[in-house]
Amino acid sequence: MRIALGMDHGGFPLREALLEVLEKMDCEVIDFGTDSPDRVDYPDYAEKVGLAVQGGEADRGILVCGSGVGVSIAANKIPGIFAATCHDAYSAQQGVEHDHMNVLCLGGRVIGDELAKLLVKQFLNATYLGDQPDGDRYARRVGKIIELEQKE
Ligand code: RB5
């Protein structure tokens, strides 16, 4: 799986753990940085990751800021991006299965390395159920989200 990875300085503490788990899972990483603890602006990274997923260069994205909130708000401004902050395993899995989440957002000041790695595994191992034969209720709900996106 091709994964676009982006973070600001608040997410930087999780960087090595995320690269490690992505390598273990044989992912191809499109690494947008940042690769230092120097201050940067999280919307710039949300834009890069979001556009990579929107354009199909990446299958899914992972974004990290201090709380996971800023990057999710920014990424969700890009049509086709379904980003959410998940700090529990259930949501990281169900967000994909039910809600078509394609960008996982994490808070580098909220969780530690091991939980971050577990959440990435849940996220990447999950499949959207709206494409399954009995998944019409998920597809219907996601369709309504897409309609919201198209409202001016
Ligand atoms: C940066 O200080 C911080 O505001 C950012 O990483 C993020 O937490 C925003 O949601």
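Since this is a predicted model, take the numbers as computed values, not measurements. All residue numbers refer to positions counted from 1 along the written sequence of the respective chain. Reporting of local features is limited, given that this is a predicted model, to residues whose pLDDT is at least 70; pairs of side-chain atoms are given and counted only at 80 or more, and all residues count toward the totals for whole chains, interfaces and linings. Water and hydrogen atoms play no part in the side-chain values, which are based on all heavy atoms of the structure.

> An account of the site of the ligand is requested, with residue identities and associated values reported.
What surrounds the ligand is the set D8, H9, Y42, C65, G66, S67, G70 and R109. In the model, an oxygen atom of the ligand is placed 2.8 Å from a nitrogen or oxygen of the G66 main chain. The term polar contact refers here to a pair of N or O atoms within 3.5 Å; inside protein, the definition further demands a hydrogen-donor-capable atom paired with an acceptor-capable atom, and it admits residues adjacent in sequence only when both atoms are side-chain atoms. At 3.0 Å, a backbone N or O of S67 approaches an oxygen atom of the ligand. Methods summary: accessible areas were calculated by the Shrake-Rupley approach with a probe of 1.4 Å, and residue burial reflects only the protein chains presented. In isolation the ligand has 290 Å² of accessible area, and contact with the protein removes 70% of it. Counted by class, the shell around the ligand contains two nonpolar, four polar and two charged residues. If a single non-hydrogen atom of a residue is within 4 Å of a molecule or strand, that residue counts as near it. Polar here means any residue other than Ala, Val, Leu, Ile, Met, Phe, Trp, Tyr, Cys and Pro, which are nonpolar, and Asp, Glu, Lys and Arg, which are charged; Gly is therefore polar.

> Describe the pairing of strand β2 (residues 28-31), and please don't skip the residues or the numbers.
Strand pairing follows a simple DSSP-based rule, namely that at least 2 bridges must link the two strands. Secondary structure elements are taken from DSSP: a helix is a run of H or I of four residues or more, a strand is a run of E of two residues or more, and numbering for both begins at the N terminus. Pairing analysis gives four bridges linking strand β1 (residues 2-7) to β2, with the strands arranged parallel. Bridge assignment links I3 to a residue of β2, and that residue is V29. The definition of a right-handed crossover adopted here requires that, viewed with the strands pointing away, the path from the first strand over the helix to the second runs clockwise. Since β1 and β2 lie parallel, the crossover through helix α1 (residues 15-24) that links them has a hand, and here it is right-handed.

> Explain the nonpolar core residue by residue, including any values.
Residues belong to a common nonpolar core when they are buried Ala, Val, Leu, Ile, Met, Phe, Trp, Tyr or Cys residues joined through side-chain atoms within 4.5 Å. Only protein chains enter the area calculation, which uses a 1.4 Å probe; residues under 20% of their type maximum are buried, those over 50% are exposed, and those in between are partly exposed. L18, L22, I62, L104, L106 and V120 are the most contacted members of the largest nonpolar core, which totals 23 residues. Sorting the residues of this core by element identifies β1, α1, β3 (60-65), α4 (89-99), β5 (103-107) and α5 (113-125) as the ones contributing at least two each. Take this core: its biggest share by element is five residues, from α5. Every residue in contact with I62, bar those within four places of it in the chain, is listed here: I3, A4, L5, G6, L18, L22, V49, V103, L104, L106, V120 and F123. Y45, V49, I81 and V103 belong to the second largest nonpolar core, which has 17 residues in total. Here a residue-residue contact requires only that any non-hydrogen atoms of the pair lie within 4.5 Å.

> Explain the side chain of D8 to me, using residue names and the numbers behind them.
Position of D8 relative to the elements: it lies in the loop between β1 and α1. Only four residue types enter the charge count, namely Lys and Arg as positive and Asp and Glu as negative; His and the chain termini do not. Take a side-chain nitrogen of Lys or Arg and a carboxyl oxygen of Asp or Glu: if they are within 4 Å of each other, that pair is a salt bridge. R109 provides the closest opposite charge to the buried, unpaired D8, separated from it by 6.2 Å. Setting aside chain neighbours within four positions, we find D8 in contact with T34, V40, Y42, V64, C65 and G66.

Function cannot be inferred from these measures alone, as they are strictly geometric.
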